[in-house]
Amino acid sequence: MRATKRLWIRTAVGAAAAAALMGSAWAQETLKIGLLANLEGPFAVPGQDGYRGADMALKEKNGMAGGKKIEFVKVSSDATPDKAVAMTRKAVEQDKVQIMIGPLSGDEGIAVKNYAKTKPEITFINGSSGAQATTLTDPAPNFYRFNTEGAQWMVGLGEHALAKGYKRTFLISEDYGFPYSQVQGFMASYCAKGGKVVDKAWVPLGTKDYASVIAKIPKDIDALVVVLGGSDAVNFLTQYEQAGGNKPMIGGSITVDQTVLNYKGKRRESLLGTASAGPMADSIDTPEWKKFVADYKAQFKDGFPSPSLFAYLYYINTRATLEALDAVKGDLSNGQKAYRDALQKTSFKGPAGEVKIDANRNGVGTTYITEVTKAPDGSFYNKVVKTVPNISQTLGLPEAEFKKMGLGSRDVPDCRK
Amino acid sequence: MSASQWRRAMNSAATAAAPSTAARPPLSPRQASPSVPGVDPIASPGWLARLGARIRLRHLVVLVAAVAYPFVASPFFTYQIGAQSLALGLIALSLTFLGGYGGMVSLAQMTIAGLAGYLVAIFGTSSMVSISLGWPWWLAVPFALLGATVFAAAVGWLSVRTEGIYTIMITLAIGVAFFYLAQQNYTVFNGFQGLSKIAAPELGGIDFREPVPFYFVALGCALTGYFLVKHLVRAPFGVALQGIRDNPRRMESLGFHVTAHRVAAYAVAGLLAAVGGVLMVWYNGRISPGTVNLAQMISILIIAVLGGMKHPIGAFIGAIVYVLLQNFAIDLFVRERFNLVIGGVFLAIVLFSPDGLLGLWAKLRSSLGRTQISHQKRRPQ
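The model shown is predicted, which means the values in this text are computed figures rather than measured ones. (Residues numbered from 1 in each chain as written. Chains lettered and ligands numbered in written order. Predicted model: local features only at pLDDT ≥ 70, side-chain atom pairs only at ≥ 80, totals over all residues. Heavy atoms only, no water.)

### Regarding the sheet that holds strand 1 (residues 30-38) of chain A
All names here are of chain A.
- Taken together, 6 strands build an open sheet; the order of strands is 2-3-1-4-5-6 and the sheet is mixed. Every interior strand has two partners, whereas the edge strands, strand 2 (64-65) and strand 6 (143-144), have only one.
- Note that strand 5 (residues 123-125) and strand 6 share 2 bridges and pair parallel. Directly across from Ile125, in strand 6, lies its bridge partner Tyr144.
- This element, helix 13 (residues 333-345), spans strand 4 (99-101), strand 5 and strand 6 of the sheet and lies at about 25 degrees to strand 5. (Pairing = 2+ DSSP bridges. Helix = DSSP H or I, 4+ residues; strand = E, 2+ residues; numbered from the N terminus. Contact = heavy atoms within 4.5 Å. Axes fitted to C-alpha atoms, helices over the stretch in contact; angles between N-to-C directions.)

### Regarding the pairing of strand 1 of chain A
All names here are of chain A.
- In terms of burial, strand 1 is largely enclosed, as 8 of its 9 residues are buried.
- Of the pairings in the sheet, the one linking strand 1 to strand 3 (residues 68-77) comprises 9 bridges and is parallel in character. Paired with Leu31 across the bridge in strand 3 is Ile70. (Buried < 20%, exposed > 50% of the residue type's maximum accessible area, 1.4 Å probe, protein only.)

### A word on the interface of chain A and chain B
- Opposite the 27 residues of chain A that make contact, chain B presents 30 residues.
- For the pairing of chain A and chain B, the buried interface totals around 2700 Å² over both sides, and the portion due to carbon and sulfur atoms is 53%.
- At the surface where chain A touches chain B, the tally comes to 2 salt bridges.
- A salt bridge links Asp331(B) to Lys90(A), with the shortest nitrogen-to-oxygen separation between them at 2.7 Å.
- Linking chain A to chain B there are 10 residue pairs in polar contact (both at pLDDT 80 or more). (Buried area = accessible area lost by both parts, 1.4 Å probe. Salt bridge = Lys/Arg side-chain N within 4 Å of Asp/Glu carboxyl O. Polar contact = N/O pair within 3.5 Å; in protein donor to acceptor, adjacent residues only side chain to side chain.)

### Points about the side chain of Glu371(A)
Residues and elements named next belong to chain A.
- Mapped onto the elements, Glu371 comes out in strand 14 (residues 363-374).
- Taking relative accessible area as the criterion, Glu371 reaches 18% and is therefore assigned buried.
- Leaving out residues up to four positions away in the same chain, Glu371 has contacts with His160, Lys164, Gly273, Thr274, Ala275, Tyr381, Asn382, Lys383 and Val385.

### A look at empty space enclosed by the protein
Residue and element names in this part refer to chain A.
- Tallied over the entire structure, the rule returns 3 cavities of 30 Å³ or more.
- For the largest cavity, the calculated volume is near 90 Å³.
- Forming the boundary of the largest cavity are 13 residues, of which Phe146, Thr148, Tyr312, Ile316 and Gly365 lie nearest the centre.
- Here the lining of the largest cavity is built from residues that sort into 8 nonpolar, 4 polar and 1 charged. (1 Å grid on protein atoms, 1.4 Å probe; cavity = no way out; pocket = protein on both sides within 12 Å on 5 of 7 lines; lining within 4 Å. Points joined across faces, edges and corners; volume = space filled by probe spheres on them. Nonpolar A, V, L, I, M, F, W, Y, C, P; charged D, E, K, R; others polar.)

Below is the structure:
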C-alpha cells in the first residue's frame with residue numbers, strides 16, 4: 001500500500017518535471033505579440049470585449065502578418081497601474097514578446113508608457129487607454145496610440161450644446177484623469193464660444209449617494225453636463241429623478257451607453273435628446289461600420305449586442321500593428337527601425353473613420369456627436385447627428401494656445417466667468 | 001515557537017511545576033530536546049555557540065539559494081518574482097507575528113505599509129513637486145518608518161480593546177477609511193492618481209532600481225525582519241506575548257501588562273510592515289489608493305494563511321506562491337478564467353492543510369518519514 005503510494009507520488013513528480021521541460025523547449029516560427037487588457041477589477045467586462053476586438057483584427061488577417069503566424073500572449077490587469085506594469089513586464093521580459101499591445105485605462109497607459117522608456121528595443125502600441133498625458137507630456141518614442149483620447153472624443157460637443165441653447169451649465173463628473181480630459185474637451189470650445197459652467201462637482205469614482213450634489217445644483221441653469229460612467233451614471237439619474245430634477249443633460253463618452261439606455265426609471269423618457277460624443281457610435285451609417293458589427297456578431301456569440309468602445313479601440317490598434325508588420329514583411333531587425341517607420345506611416349479607413357497618428361504618435365480621428373433617440377421598436381439608441389473629422393490632440397487649437405491652457409484637471413480649464 | 005509547541009511547553013511546565021523552570025522563560029521543546037546535547041541557551045554565555053547549534057543544513061541551503069538566486073535567474077525573475085515576494089513577504093510577516101504569536105489578526109497591515117510608502121513619497125521626491133518635501137532618502141525613509149510605526153501603535157491601541165472577529169472588523173474599518181482618505185484627499189495624497197516617480201536611491205554608483213541591487217536590498221530587509229521575529233518570539237517579550245495570546249487573564253494575574261504588550265506587538269509589526277511598504281513603493285515606483293484598497297489588504301491575509309502562521313518563514317513561502325500564481329496562473333488555464341486557478345489553489349491549500357503550506361510540508365515529512373521507518377528497523381525511542 002505504502003509502496004504504491006510512493007510510486008504514485010514519484011510518477012506525479014516525474015510527470016510534472018517532464019511537462020515543465022517540454023514547455024520550455026517549445027519553439028516554432030511564430031511571432032509573439034503581447035496583449036494586455038483587463039479580466040479583473042472594475043473593467044473586467046469591457047476588458048473582455050477589448051480582447052475580442054484584438055482577436056477580430058487578427059482573424060481578419062487569418063492569424064498571419066508579415067508572413068509569420070501571429071500568436072497573442074494575453075495578460076490581464078485589474079485597472080491599477082501597478083498591475084498593468086507588472087503584467088507588461090511579464091509579457092516583455094518573461095514571454096519575450098517584441099511588440100506589446102495594451103493597456104485598457106488611462107492611468108495604466110501612463111504607467112506603461114513610462115515602462116516603455118526603459119525598454120527601447122520593444123514597440124508598445126496602446127490598447128484603449130485615453131489619458132492625454134500619455135502622449136502629450138514626456139512621450140515615449142516607442143509608444144504608439146492609434147486611437148484618439150478622452151479630450152478629443154468631446155470636441156464639437158460644446159458647439160452642439162450652444163446650438164441647443166445651453167448657455168449656463170452645471171458640471172458633475174468623476175474625480176480622476178479620464179473625466180478631466182473629457183471635461184476639457186467639452187469646455188475648450190464651449191467656453192471659448194461664450195458658454196458658462198457655473199460650478200463643478202467632482203465626485204469620487206463609485207459614489208452611491210448624490211444627495212449633496214443634487215442639492216447644490218442651481219435653479220438658473222440650462223443643462224447639466226454629466227460625465228459619469230456605468231453604475232455611477234445610473235445612480236445619479238435615479239436620485240436626480242427622485243429629487244424632482246428636470247434639466248436636460250449632456251453626457252460624456254461613456255455616460256449614455258447601453259447600460260444607461262436600458263435603465264427602466266420614469267426619467268428614462270427625459271433621456272431623449274441627451275447629447276454626447278465619442279470616437280464611435282452604435283448607429284454609424286457606413287458600410288465599414290456595418291461590416292464591423294456583423295463580423296463581431298458572427299464571431300462572438302457571447303459578446304455584446306454590438307461591439308463596445310473597447311472592442312473598437314483594441315481592434316484599430318491591433319489592426320494598425322498588423323498592417324505595419326505586413327508593410328515591412330515581418331522585419332523587426334535593427335531595433336525595429338523599419339517597423340516603427342511603417343507604423344508612423346500606417347493609415348487606413350477603419351470601421352468608424354480614418355485611422356492615423358500625429359508626430360507624437362497619437363491618433364488623429366473622427367468624433368461622432370450623438371443624441372438619444374427612440375427607435376421604432378421603442379428601444380433607445382444614440383443617433384449620430386454630426387460627424388467631426390480630423391481631430392488632433394490639441395483639440396483643433398494651435399499647439400501654443402493649447403499648451404497655454406494646460407492639460408485638463410479639476411481647475412483647468414476654468415469656465416465660471 | 002509555534003502555538004502547539006507553546007501549549008505543550010506550558011502543559012509540561014504546569015505538570016512538572018518545577019520551581020527552577022518556572023523562574024525563567026519556559027524553554028521550547030527544540031531547545032530542551034536531547035538532539036542538541038550540552039547546549040543550555042540560558043547558562044551558556046557564548047551566543048556564537050548558541051547560534052551555531054541552531055543553524056541547520058536547511059538554513060544554509062535556503063540562505064545560499066537566496067543569495068545565488070539573482071545570478072542564475074533572469075532579471076524578470078529576480079525583480080518581479082524574487083524582490084516582490086520578499087517585500088510582500090515582509091508585510092505578511094508582520095501579520096504572522098501579530099496573528100500567529102499575538103493572536104491578533106489585523107487587516108490593516110497593508111494600510112500601514114501603504115502609509116509608509118506614501119510618507120516616503122511625501123517626505124522625499126515624487127512627480128508632485130507641490131506635495132513632496134524633497135528630503136534626501138536617508139532622512140525621508142527613517143521618518144516614514146517612524147510615522148508608520150506610530151500609526152501602527154495607534155491602530156493597536158485602538159483595537160486591542162477588542163478580540164477575535166472584532167479586531168478584524170476594527171482594523172478593516174481603519175484600512176478602508178485610510179483608502180478613502182487617500183482617494184479623496186488632494187492636498188497630501190493627490191487623490192485617485194496618487195504619487196509617482198518615486199525612485200529607489202542611488203548609492204555609491206549602484207542604482208538600487210536595477211533588479212539585482214534591489215533584490216539584495218529586499219533580501220537584506222527580509223532576513224533582518226525574519227531574524228528579528230525569530231529572536232523576539234524567544235525573548236521574554238515574545239514569550240509573554242504568546243502567553244497573552246493563550247490566556248490573557250492568567251497573564252494579567254501574573255502581573256504582565258496585557259495592553260502594553262499588545263500595543264508593543266502592533267508597533268513591532270508596524271515597523272516590519274513599514275519596511276515592506278517602503279520596498280513596495282520603490283518596487284512599483286509609484287503609489288496610489290489602489291495599493292491600499294480592500295483587495296490588497298485581504299491579499300496580505302491570504303499570503304500569511306497560505307504560507308502558514310506557525311512559523312515566520314511561512315509568510316515568505318506564502319508570498320512566493322502568491323506572486324507566482326499572480327504571474328503565471330494565466331498561462332496555465334483558459335485565459336479568461338485564470339482567477340479560478342488562483343482561487344482553486346488557495347482553496348485546496350486551506351482545505352487540505354489548515355496550517356498552510358508549512359503544515360502541508362510537516363505532514364508530508366512525517367508521512368515520508370514513517371514510510372522510511374517502516375522499511376527500516378525501528379529506531380529506539
